[in-house]
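# Coordinates in review
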Amino acid sequence: MAPTTTPTAAPSATAPTGRGAVLRQTVGSLLVDAALPYLVYVVLTGQGMSDVAALAWSALPPALNVLVQAVRHRRLNPVGVIVLVTIAAGLATSLLSGDARFAVARDAIQSVAFGLLLAGALVVGRRPLVFHVCRFFGSAQRPDLPELMERQWAANPVFRRTLRRATGVAACVMTLEATLRITLAYTLAPVVALPILSVQSI
């Protein structure tokens, strides 16, 4: 009886956990990367701080979140490194420019960086970046995923073609996201643009 009941019980036991994990991650991202930065901005500007300075402080929750995750998992993943570097670059350039609109649009640097990495890996890399990203993050939920992906890559041309197309689409999406972010940052007031763009990024 055991061989027949175990496979049927496993999906029903693991499916809610997977959905729950995705839901928790989404809610956490909305809180840390959208709600908290906006709250920091509103509170600080309400206390008389300039838009540029308040927007600089609003980058603190996402940056701390990356560091907390690195400590929790005892490693700083490549995506986290890119996020921290682009946050630092955006803060430096926005503070130097003194332009609140540029400070709102600073996360476009992240989109451009990811877009260039995706496109570059597609052109010069042996495997597209989406392959490495899926293998890296997916292994936490499914330890056998890296080996499975290696086998599929070696034997399945449809798999290779699909990942290459997904990488190209992702590069285009990053480019569009950066364009939209810059457009909205320079056409809307910071107090309106900031929450819209935070949710858009997530």
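The structure contained in this document is the topic of the report that follows. (Residues numbered from 1 in each chain as written. Predicted model: local features only at pLDDT ≥ 70, side-chain atom pairs only at ≥ 80, totals over all residues. Heavy atoms only, no water.)

### Quick notes on helix 6 (residues 108–124)
Compared with the 24 Å implied by 1.5 Å per residue over 17 residues, the 24 Å span of helix 6 between its first and last C-alpha is a close match. Listed in full, the buried residues belonging to helix 6 are A108, Q110, S111, F114, G115, L118 and A121. Along helix 6, the residues classed as buried sweep out an arc of 165° about the axis, all on the same side. Summarising the geometry of helix 6, the exposed residues directed more than 90 degrees from the buried face are L116, V123 and V124. Lining the buried residues of helix 6 we find helix 4 (78–97), helix 5 (100–105), helix 7 (129–138) and helix 9 (157–187). (Helix = DSSP H or I, 4+ residues; strand = E, 2+ residues; numbered from the N terminus. Expected span 1.5 Å × (residues − 1). Buried < 20%, exposed > 50% of the residue type's maximum accessible area, 1.4 Å probe, protein only. Arc of directions from axis to C-beta. Contact = heavy atoms within 4.5 Å.)

### Brief notes about the nonpolar core
Core analysis: the biggest nonpolar cluster contains 13 residues, and Y41, L55, V104, A185 and L197 have the highest contact counts within it. For this core, the elements supplying multiple residues, two or more each, are helix 2 (51–57), helix 5, helix 9 and helix 10 (190–201). The element contributing the most residues to this core is helix 5, with four residues. Setting aside anything within four residues of it in sequence, one finds A185 in contact with R101, V104, A105, A193 and L197. Counting eight residues, the second-largest nonpolar core is a separate cluster that includes L118, M149, W153 and A171. (Core = buried A, V, L, I, M, F, W, Y, C linked by side-chain atoms within 4.5 Å.)

### With respect to the packing of helix 3 (residues 60–73) against helix 4
Axis separation between helix 3 and helix 4 bottoms out at 10 Å; the angle between their running directions is 150°. For the element pair helix 3 / helix 4, the angle class is roughly antiparallel. For the pair helix 3 and helix 4, the sense of crossing is left-handed. For the pair helix 3 and helix 4, contact is made by P62, A63, V66 and L67 and by G80, V83, L84 and I87, respectively. (Axes fitted to C-alpha atoms, helices over the stretch in contact; angles between N-to-C directions. Parallel < 35°, antiparallel > 145°, perpendicular 65-115°, else oblique. Left-handed = near helix turned anticlockwise from the far one by under 90°.)

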